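# A closer look at the structure
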Amino acid sequence: MANRDKKALSAVAPLAPRQLRVSTDTSDLGFRTTADLEPLSGLIGQKRALGAIRFGAEMAKPGYNLFVLGPSGFGRHTAVKTLLGERASGLPAPDDWVYVNNFAVAHKPKALRLSAGTANRFRDAMNELVDDLRIAVPAAFQADEYRERRRSLEAELEDMHEQAFEALREKADAEHIAILRTPMGFALAPMSDGKVIKPEVFNALPEATRSEMEEKINRLQEDLRDVLERMPAIEKEHREQLRKLNADTAGTVVDASIGSIAGRFSGIPAITEHLKDVRDDLVARAELFLERTQAELESPFPEAAGSSIRDARFSRYLVNVMVANDLDGDTGGAPLVVEDHPTLANVVGRIEHQSQQGALVTNFTMIRPGALHRANGGYLVLDARKVLSEMFTWEALKRALRNEEITIVSPAEQLSLVTTVSLEPEPIPLDVKVVLVGERLIYYLLAELDPDFADLFKVQVDFSEQLPRTAQNIGLYARLVASIADREKLLPFNAAAVAAVIDEAARMAEDAERISLQVGRLADLLREADYWARQSSRKSVAAADVAQAVSAQIYRADRLRELSHEAITRGTLLVDTDGEAVGKVNGLSVLGLGNFSFGRPTRITARTRIGSGKVVDIERETKLGGPLHSKGVLILTGFLAATFSLDAPMSLWASLVFEQSYSGVEGDSASSAELYALLSSLSGLPVRQSLAVTGSVNQLGEVQAIGGVNDKIEGFFDICNARGLTGRQGVLIPASNVKHLMLRQDVVDAVKQQNFAVWPVTTVEQGIELLTGVPAGERGPAGTFPKDTVYAMVEDTLRRYASIRKDYPGPGESVDGGSRREHS
């Protein structure tokens, strides 16, 4: 084995310690602490995203709304609010919007557009108007002039009644007939000597006399009917005269009050037109001001008790302010609204109801604005996932953007749960820039599945996740650390601490040549390093504090990693770290738990025999393997078929399995390890168990890059370190992953001491040579592999399988090829 190891090691050299971790040189930073640096304003490495935000904010055409995509923690919300806030502050304040009563169609309130700063003044003026009229109108009706005119009208009515009945009464007296008033109305009766004749006396009269009196009564009844029929017309005329008197009296007071308001809002057509409607309705309903509620009757201050704001009788004259931009306050510029809870009501507004005597009632004063109203004329920022999670919100938002107007609807109406007539507020024109913030997956799903999405959200704001690790960018990153420390009131970070932070940012990026732009995790690391520095009573944060913060983060999250590794070191999960075995390879996988991930070795085994050319993926057969893993198995099957026994059918049956795997397996990063296990089983050559393998393979036998390379190496290292490093242990990784290496310092130290190694491999041949210590072999001019090479042994086995299968009788056949018959 020692000789074979020597040959393999001469073919592929292990990586040098400097290739396993690229550390930032503190001497290149050029400062002592971050207190010496100018804090950075804004984000770094987001030129594309920031340019897209500026473009979208300034593009005034319809449909140019923004979708900000990228993972959380990269400063998306901060950048959006900062840039849009700067843009909004330089724009003019948008118009105010109010709802007022529609006196013609009460269930369709009118929306009025007013210049900025007008809405609140108009609302207050209308409140004052009604409160003033509640005092002035009753006073006008109590005036002597009004009372005298009303008494005159009532006297005139009484005179007309008397004149009509007096003529009838005189005619009746001449005919000796009495007109009597009864509870049932008027009645006629004969008289004698000025007295009504009693019925028994009347019945005793001669028939001729009775007939004459009855004829007179009938004629007078006709006259009485004519008089009574004229009375309603006389009374109606009187009511009209009284109504006109009331209107004239109220109109004088109302005109004076409304004239005062009209003068204050002259030049605003919407208010002028509305005041005309208010004036006509006030005059027509002047009696409202003459009624007294129970609260007013019982209160020593009836004016206060009957305030128009609390009195539902006068709500029809009030103003419901939906959007008000107070130019005298601190709300100058266009609005920037961030709606954190985008329900349908919170986005498009809602109509509230009150319970009165068991029924739900509403009016235009109960209309409440949504985020679209508040952001109208400016910018609205929404979380895409939350919008899509709320029922009806996404469709309502699209409808508002498409129609360029805000229509208030309720979920009950959407579901047709309400059949009663409700309010239908006049839609408000919409001019807003909507910014959705979400993950890339949401953006791509909407772009694929929603036909309206591309027309409504034309600006893609894509945040970068990494930054090239150049000297210039390292300087910017140091200033970013300084700005976070300054903003969070942290201790200054010395140069070594900043270098440690940059190294950790490279580990976050899983790339030695890149730095992570995940500002959220960076800020957490800085806060925690500051905590440990203060615990040690330091005046500045040192590299040791950063290291302790990283260790503490891992310790808080790695309970499951400890249990997993403990199961291996105690022999519960079978993973060898020394010795040799045929058809058995240590594969490497990564387990992710929230923001924490760790690597774990897993035994992969292969068994082979004669068959029909099928490689059985046990993970796939048991539905534990994902599509990418199954693809990897099919690729290595293609490699075997195209590399060996080209002149004979593939007569192989093989099985592959991740031993002691009880959950799903996904990804193709173990396909090279599975191929090595198959080659070992077919060749009979044992594989070094002191090595672990990661990397995917293509049909040409090239080993390809995989993800999580640092976690995988460190996972196997931890197991080897727990059992004791022997100097023979290490990991095979794709050569294309070398640039991604940012290993922990303890792994680098072990490599320096030659107790551990990392080998970069480019091809399957290099990998199998390292694992077996035997040359892989290359097909020569004669079409065969050199003797005693791995590939020669594999091909010999496959040829033997093909020969045996050729001679093996199939079902219903004899060995000589004839038919086999059964006899009873």
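Just so it is clear, the structure is predicted and the values come from calculations on it, not from any experiment. Per chain, the residues get numbers from 1 upward, laid out in the order the sequence is written. With pLDDT at 70 or above as the cut-off, local features in this predicted model cover only qualifying residues; side-chain atom pairs require 80 or more to be listed or tallied, and sums for whole chains, interfaces and linings still use all residues. Side-chain numbers come from the whole structure's heavy atoms, not from hydrogens or water.

### What to know about the overall build of the protein
To be explicit about the condition: Helical segments are the DSSP runs of H or I of at least four residues, strand segments are the runs of E of at least two, and each set is numbered from the N terminus. We call a residue buried when its accessible area falls under 20% of the maximum for its residue type, exposed when it is over 50%, and partly exposed in between, using a 1.4 Å probe and counting protein chains only. Should any heavy atoms of two residues lie within 4.5 Å, those residues are considered in contact.
If you tally the helices and strands in the protein, you get 30 helices and 30 strands. Here the protein, with 824 residues, has 46% of them falling under the buried criterion. For the protein, restricting intrachain contacts to residue pairs at least 6 apart in sequence, the fraction spanning at least 24 positions comes to 77%.

### A short note on the sheet that holds strand β2 (residues 96–100)
Using the following cut-off: A pair of strands counts as paired when DSSP detects no fewer than two bridges linking them. To get an axis, fit a line to the C-alpha atoms, keeping to the stretch in contact for a helix; angles then go from 0 to 180 degrees between the N-to-C directions.
Judged by pairing direction, the sheet is antiparallel, and its 3 strands sit side by side in the order β3-β2-β7 without closing on themselves. In this open sheet, the two strands that pair with only one neighbour each are β3 (110–114) and β7 (320–323). Averaged over all pairs of adjacent strands, the angle between their axes in this sheet comes to 30°, without regard to strand direction. Both β2 and β7 contribute to a ladder of 3 bridges, which runs antiparallel. The residue bridging Tyr 99 from the neighbouring strand is Asn 320, located in β7. Most of the contacts of helix α9 (residues 269–284) go to β3, to which it runs at about 140°, and overall it touches β2 and β3.

### Considerations on unusual backbone geometry
At Glu 510, a position not held by glycine, the phi torsion is positive, near 55°. Inspection of the secondary structure puts Glu 510 in the loop between α20 (495–509) and β19 (514–516). Judged by its relative accessible area of 37%, Glu 510 falls in the partly exposed class. At Gln 754, a position not held by glycine, the phi torsion is positive, near 60°.

### Quick word on the confidence of the model for the protein
Selection rule: pLDDT expresses, on a scale from 0 to 100, how confident the predictor is about each individual residue.
Taken as a whole, the protein shows an average pLDDT of 84; of its residues, 88% reach a score of 70 or greater. For the stretch residues 1–10, pLDDT sits under 50, and the model shows 14 contacts to residues farther than four places along the chain or on other chains. Every residue in residues 812–824 is under pLDDT 50, and counting partners more than four places away or in other chains gives 8 contacts.

### Section: helix α28 (residues 745–752)
Quick note on the threshold: Throughout, the arc means the angular range of directions from the helix axis out to the C-beta atoms.
Residues of α28 that are buried: Val 747, Val 748, Ala 750 and Val 751. Each buried residue of α28 lies within a common arc of 160° when the element is viewed along its axis, so the set occupies one face.

### Considering helix α19 (residues 471–487)
Note the threshold: Multiplying 1.5 Å by the residue count of a helix minus one yields the expected span of that helix.
For α19, spanning 17 residues, the distance from its first C-alpha to its last is 24 Å, which sits close to the expected 24 Å at 1.5 Å a residue. Buried residues belonging to α19 abut β18 (466–468), α20, β19 and α21 (519–535). One or two positions beyond α19, positive phi appears at Lys 489, with a value near 60°.

### Considerations on the packing of α19 against α20
Test applied: Put simply, angles under 35 degrees are roughly parallel, angles over 145 are roughly antiparallel, angles from 65 to 115 are roughly perpendicular, and the rest are oblique. Put simply, Ala, Val, Leu, Ile, Met, Phe, Trp, Tyr, Cys and Pro go in the nonpolar bin, Asp, Glu, Lys and Arg in the charged bin, and everything else, Gly too, in the polar bin.
As a packed pair, α19 and α20 sit with axes 10 Å apart at the nearest point and diverge in direction by 110°. One finds that α19 runs roughly perpendicular with respect to α20. Across the interface between the two elements, Ile 474, Tyr 477, Ala 478 and Val 481 from α19 touch Val 498, Val 501, Ile 502 and Ala 505 from α20. Class assignment of the residues belonging to the contact of α19 with α20 gives a composition of 8 nonpolar, no polar and no charged.

### A short note on the pattern of salt bridges
Defined as follows: Salt bridges are defined as contacts in which a side-chain nitrogen from Lys or Arg sits within 4 Å of a carboxyl oxygen from Asp or Glu.
Counting across every chain of the model gives 34 salt bridges. A salt bridge links Glu 439 to Arg 385; the shortest N-O distance between them is 3.3 Å. With a gap of 54 residues between them, Glu 439 in the loop between β16 (433–438) and α17 (440–449) and Arg 385 in helix α14 (residues 384–389) connect regions that are remote in the sequence. Classification of Arg 385 as partly exposed rests on a relative accessible area of 46%. A network of salt bridges, in which partner residues are shared, links Glu 395, Lys 398, Arg 402, Asp 450 and Asp 452.

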